[in-house]
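Breakdown of the fold
Below, each chain spelled out in residue letters.
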Amino acid sequence: MKMTPDIQAWEEEDITRIRISMAPPLRWVNSYVLRGPEGITIVDPGPHTETTEAEWTAAWRELGIVPQDIVAVVLTHHHPDHYGLAGYIQSLTGAPVYMSHRAHEETLRMWGKDSVMGEELPRLYRLHGMPSLWSDQLEEHLDGFIPQVTPSPQITYVTEGSYVLMGGRKWRAIESAGHAPGHLSFYDIERGLMLCGDAVLPQISPNVSLLPGSDPQPLRSFLDSLVKLGAYDVRLAFPGHRNPFSHFAERTKALISHHEERLSHIESLLQISPQSGFEVCTALFGNELGIHQMRFAMSEALAHLVHLVDQGRIAAEAPIAEDGVVLFTPLK
Ligand SMILES: [Zn+2]
Ligand SMILES: [Zn+2]
């Protein structure tokens, strides 16, 4: 079967987007190709599957690119839908793969040979009331991502405030957190362009997850990051999902309001009766979700709950029994 690549060019900005397939509900990730005198840079190549390999082969053919033209792969963050193909493309091209040190740590936490996520995540969720019907599926579910991120690339670190040459221009790396630790956005000050990965998305609220061993206050990190990113003068933002958009600062403010409303909503739920993290999760998101969506929902609910505890707005009561469950309670 001949694959038709899904390519769109923003010619004035010299940025080409390739839509690369991924699992629902997002359906595609935006990979960006920037062409400059230094060669071709690919930002966030997508997850590694047979389909995405074929999509890239078709895209390169269409764009007149041979693998030797690719001089860099730049990653905004470690999630499989962005990082996954980096090692595969490096194996074809020998190109360096750039990401932040903190983001690389997260790849090791999730998929490194010493990863304990498959045991620690179900343990965390059980402590917060998730029934075994769900928590027993987690380890296999997490293992299912390994092919999408294999082979793992050699990483060259990018630090906050440094500049990365892409498409013949210098892009400033801006580190943020909350959606993913060590997330980098890239800003072209001259043209007001921001490659923002999943740090700010149009239409979608980027997932904010509490995960064992990672950022203990991801929602606080996310809200702080939105304030930081919202201060940049952005004419056009190129996100990891959906379409490029111009209302960047306004979108950061809308996302802050969305989370403030959700925090107040959770507080009011707990005023009715103390609840476990899982009860709050299903009150917010329902319990008809598949395991993938349930993981995002549960970690997002927990991110909000630990933020409310941190702010002194609610309390967390540790379980008395050994196999008991943490209950979140109102303070007054
Ligand atoms: Zn992401
Ligand atoms: Zn993503």
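Above this text you will find the structure in question.
Attention in this report is confined to the structure presented alongside it. Note that this is a predicted model, so its numbers are computed, not measured.

About the cut-offs
- Residues numbered from 1 in each chain as written.
- Chains lettered and ligands numbered in written order.
- Predicted model: local features only at pLDDT ≥ 70, side-chain atom pairs only at ≥ 80, totals over all residues.
- Heavy atoms only, no water.
- Salt bridge = Lys/Arg side-chain N within 4 Å of Asp/Glu carboxyl O.
- Helix = DSSP H or I, 4+ residues; strand = E, 2+ residues; numbered from the N terminus.
- Buried < 20%, exposed > 50% of the residue type's maximum accessible area, 1.4 Å probe, protein only.
- Pairing = 2+ DSSP bridges.
- Core = buried A, V, L, I, M, F, W, Y, C linked by side-chain atoms within 4.5 Å.
- Contact = heavy atoms within 4.5 Å.
- Phe/Tyr/Trp six-rings, centres within 6.5 Å; stacked < 30°, edge-to-face > 60°.
- Donors = N, O, S within 2.8 Å, 3.2 Å for Na, K, Ca; no water.
- Tetrahedral: all angles 85-135°; square planar, octahedral: opposite > 155°, others 65-115°.
- Axes fitted to C-alpha atoms, helices over the stretch in contact; angles between N-to-C directions.

Our next topic: the pattern of salt bridges. A full pass over the atoms with the stated rule returns 13 salt bridges. For the salt bridge of Glu-300 with Arg-262, the shortest nitrogen-to-oxygen distance reads 3.6 Å. You can see Glu-300 sitting in helix α11 (residues 291-310) and its partner Arg-262 sitting in helix α9 (residues 248-272), a full 38 residues away along the chain. This pair shows no difference in class: Glu-300 is buried, exactly as Arg-262 is. Here Glu-267 and Arg-313 are joined by a salt bridge, their closest N and O atoms 2.8 Å apart. Of this pair, Glu-267 sits in helix α9 while Arg-313 sits in the loop between α11 and β13 (314-317), placing them 46 residues apart in sequence. You can call Arg-313 partly exposed: its relative accessible area is 25%. What you see here is one network of salt bridges that share partners, running through Arg-102, Glu-105, Glu-106 and Arg-109.

Let us now look at the pairing of strand β8 (residues 163-166). Side chains of β8 alternate between two faces, with Val-164 and Met-166 buried and Tyr-163 and Leu-165 left unburied. Judged from the 4 bridges that link them, β8 and strand β9 (residues 169-176) form a sheet pairing that is antiparallel. Bridge pairing links Val-164 to Trp-171 in β9. Here β8 folds back onto β9 in antiparallel fashion, the turn holding 2 residues, of which Gly-167 has a positive phi close to 60°.

Turning our eyes to something else, we now look at the nonpolar core. Within the largest apolar cluster, 75 residues are counted, with the highest numbers of intra-cluster contacts made by Trp-56 and Phe-248. Not counting the four nearest positions on each side in its chain, Phe-248 is found in contact with Met-194, Cys-196, Val-200, Leu-229, Val-234 and Ala-237. Judged by nonpolar contacts, the second largest core, of 17 residues, contains Trp-10, Ile-15, Val-74 and Leu-193.

Scanning the entire structure with this criterion turns up 6 aromatic pairs. Between Trp-10 and Phe-238, the aromatic rings sit 5.8 Å apart at their centres with planes inclined by 85°, giving edge-to-face as the arrangement. Of the two residues, Trp-10 is situated in strand β1 (residues 7-10) and Phe-238 in strand β12 (residues 236-239); the sequence distance between them amounts to 228 residues. Given a relative accessible area of 18%, Trp-10 falls into the buried group. Between Trp-56 and Trp-60, the ring centres sit 5.7 Å apart and the planes meet at 35°, which makes this aromatic pair tilted. With Trp-56 and Trp-60 both in helix α1 (residues 50-63) and 4 residues apart, this pair spans about one turn of that helix. Of the two residues, Trp-56 and Trp-60, both sit in the buried class. Ring pairing ties together the aromatic residues Trp-10, Tyr-32 and Phe-238, which thus form one cluster.

With that settled, the discussion passes to the coordination of the zinc ion (ligand 1). Of the protein atoms, only His-77 (NE2), His-79 (ND1), His-179 (NE2) and Asp-198 (OD) coordinate the zinc ion (ligand 1), at distances of 2.1 to 2.4 Å. Of note is the zinc ion (ligand 1), whose 4 donor atoms meet at the metal with angles of 91 to 172° in an arrangement that counts as irregular. Every donor residue of the zinc ion (ligand 1) comes from the same chain, spaced as H-x1-H-x99-H-x18-D. Between the two metals, the zinc ion (ligand 1) and the zinc ion (ligand 2), the spacing is 3.4 Å, and Asp-198 donates to both.

Taken together, Asp-81 (OD), His-82 (NE2), Asp-198 (OD) and His-241 (NE2) make up the protein donors of the zinc ion (ligand 2), found 2.1 to 2.2 Å from the metal. The sequence pattern describing where the donors of the zinc ion (ligand 2) fall on their chain is D-H-x115-D-x42-H. The exposure class of Asp-81 is buried, given its relative accessible area of 10%.

Residue position: Thr-329 is located in strand β14 (residues 327-330). On the basis of relative accessibility, which here comes to 9%, the residue Thr-329 falls in the buried class. Excluding residues within four positions of it along the chain, Thr-329 makes contact with Pro-274, Ile-314, Ala-315 and Glu-317.

Another point: the sheet that holds β9. Pairing is mixed in the open sheet, where 5 strands are placed in the order β8-β9-β10-β11-β12. Every other strand in the sheet has two partners, leaving β8 and β12 as the edge strands with one partner each. For this sheet the average axis-to-axis angle between neighbouring strands, irrespective of direction, equals 30°. On the sheet, helix α8 (residues 218-230) packs against β9, β10 (183-188) and β11 (193-197) and is oriented at approximately 155° with respect to β9.

Further remarks concern the sheet that holds strand β3 (residues 28-36). Consider a sheet: its strands pair through backbone hydrogen bonds, and that pairing is either parallel or antiparallel. Strands sit in the order β1-β2-β3-β4-β5-β6-β7 across an open sheet of 7 strands; the sheet is mixed. At either margin of the open sheet sits one strand with a lone partner, and together these are β1 and β7 (155-157). For this sheet, the mean angle separating the axes of adjacent strands, direction not counted, is 30°. Of the pairings in the sheet, the one linking β1 to strand β2 (residues 15-21) comprises 4 bridges and is antiparallel in character. Paired with Ile-7 across the bridge in β2 is Ile-18. Against the sheet, helix α3 (residues 86-93) engages β4 (39-43), β5 (70-74) and β6 (97-99), with an angle of about 165° to β5. The sheet contacts of helix α4 (residues 101-111) involve β6 and β7, and relative to β6 the element is tilted by about 100°.

That is the geometry; function is a separate question.
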